[in-house]
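Listed here are the chains, written in short residue letters.
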Amino acid sequence: MARMCVLLFPLRRHTSARQKVFYKVSPNIVDFIAMNGLTLAQLRSIDAVVSEGSLQAAALRLGRTHPTLHTAIINVERQIGFPLFDRTGYRMVLTPAGEAFLARARRVLTEMVDLQVYAAQLAAGEESELRVVIGDLSPLPEMLQLLRGFFDGRPATRLHLQFAAISGPWELLLEDRTDLILHHVDQSDPRFETISLRPVRLIPVAAPNFLPFSTEEASPERMRDLVQCVIRDSAQNLPERSYYVIEGARTCTVSDQLMKKEVILQSLGWGHMPDFLVDAELREGRLISLANGYFGGGVIELVAARRSGRAHGPAASALWRLLQASAASTLSGKP
């Protein structure tokens, strides 16, 4: 099996005996200061001891002997000039300085894995597959048209497209089961890198003859006796979320917005819908807005999001640039 070798070239700054060597691992991480030739193997040794809970278990995981691993840890502490572990108790426990050091070391190890993946992608050409998740509040025609224009020019890269609702897209991205999502996210969350695409207005709607009272009289108490149609959260491992749901109301749960729209059109329930799906029906009178002093709806920002601080291959990077250009042209009013 062919092996890949990734070289890191030191950038020397001064010529003193206690010189520091700066290794640039990635533009997304603070430069890691490697003192006197500290190696990735040594960082992996420290991480293994903490992750496994003992030198013996770490040695087994790394395929080394207990004495050699013990010596390796002592050598690291000598190199960096402070103890990583408190050895006064029964078990080795990180010192406060050791905890801070390990946190930075793990960032370096993660970046190295990403760098190796990225190098392999560059060596092999563009990725064979890109995984994209479209969230339930994304206008499908617009998003698919954008993706089609991109993938038409990349026959070597296959599009793996998936639909997810509510917090499902976030879960898939955070678990590294997708490369990109088109959904709404908390843009203050440092785990996400985002591009704002467009606002989406959420409107409370119902069929014209659904309410037994006027829209002005619609209040949470009066609406509680009527069926509210809601989207099922597709996430499996995140806390279940719901939006605009009246507590204690009768509900009808569906898997996507198109089914929800049809349920509402057939007077089987009412609910909040994205503007791009109901604008025509509102103009034609097939749906009515329930917006009043109680139900104001809301606006969310549809974004493209990917994990921050991760390596992205050539095709994924090109798609990201296309989305940035599309967002910029939308803001400037250009077609």
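Since the model is a prediction, treat every value here as computed from it, not as a measurement.

**A closer look at the environment of E77**
- Looking at where E77 falls in the secondary structure, it is placed in helix α3 (residues 66-80).
- Residues E77 and G98 lie 21 residues apart in sequence; the distance between their C-alpha atoms is 9.6 Å.
- When sequence neighbours within four positions are dropped, the list of residues in contact with E77 reads F82, P83, L84, F85 and R87.

**With respect to the environment of A72**
- Looking at the element boundaries, A72 is found in helix α3.
- Sequence-wise, A72 and Q42 are 30 residues apart; in three dimensions their C-alpha atoms are separated by 7.1 Å.

**Some details on empty space enclosed by the protein**
- What the rule picks out here adds up to 1 cavity of 30 Å³ or more.
- Residue lining of the largest cavity: L130, R131, V132, D179, L180, R306, H312, A316, L319 and W320, and that is the complete set.
- Elements represented by at least two residues in the lining of the largest cavity include exactly β5 (129-135) and α10 (314-332).

**Things to note about the packing of aromatic side chains**
- Inspection of every chain in the model, using the stated rule, returns 3 aromatic pairs.
- Judged by centre distance (6.1 Å) and plane angle (75 degrees), the ring pair of F82 and F101 falls under edge-to-face. Highlighted residues: F82 in the loop between α3 and β3 (85-86) and F101 in helix α4 (residues 96-124), separated in sequence by 19 residues.
- Residue F82 is classed as partly exposed on the basis of its relative accessible area of 28%.
- Ring centres of F150 and F151 lie 5.1 Å apart, and the angle between their planes is 85 degrees; on these two criteria the pair is classed as edge-to-face.
- For F151, a relative accessible area of 11% translates into the label buried.

**Some remarks on the nonpolar core**
- Among the nonpolar cores identified, the biggest contains 24 residues, and L130, L180, L182, I195, L197, A304 and L319 are the most heavily contacted of them.
- Elements with a minimum of two residues in this core: β5, α5 (140-151), β7 (180-183), β8 (192-206), β13 (298-307) and α10.
- Per-element accounting of this core gives the leading share, 7 residues, to α10.
- Core analysis: the second largest hydrophobic core is formed by 20 residues, I46, V49, F101 and L109 among them.

**As for unusual backbone geometry**
- Of note, the phi angle at D176 is positive, near 60 degrees, even though the residue is not glycine.
- Along the chain, D176 turns up in the loop between α6 (168-174) and β7.
- D176 gets classed as partly exposed once you look at its relative accessible area, which sits at 37%.

Reading the values: the criteria
Residues numbered from 1 in each chain as written. Predicted model: local features only at pLDDT ≥ 70, side-chain atom pairs only at ≥ 80, totals over all residues. Heavy atoms only, no water. Helix = DSSP H or I, 4+ residues; strand = E, 2+ residues; numbered from the N terminus. Contact = heavy atoms within 4.5 Å. 1 Å grid on protein atoms, 1.4 Å probe; cavity = no way out; pocket = protein on both sides within 12 Å on 5 of 7 lines; lining within 4 Å. Points joined across faces, edges and corners; volume = space filled by probe spheres on them. Phe/Tyr/Trp six-rings, centres within 6.5 Å; stacked < 30°, edge-to-face > 60°. Buried < 20%, exposed > 50% of the residue type's maximum accessible area, 1.4 Å probe, protein only. Core = buried A, V, L, I, M, F, W, Y, C linked by side-chain atoms within 4.5 Å.

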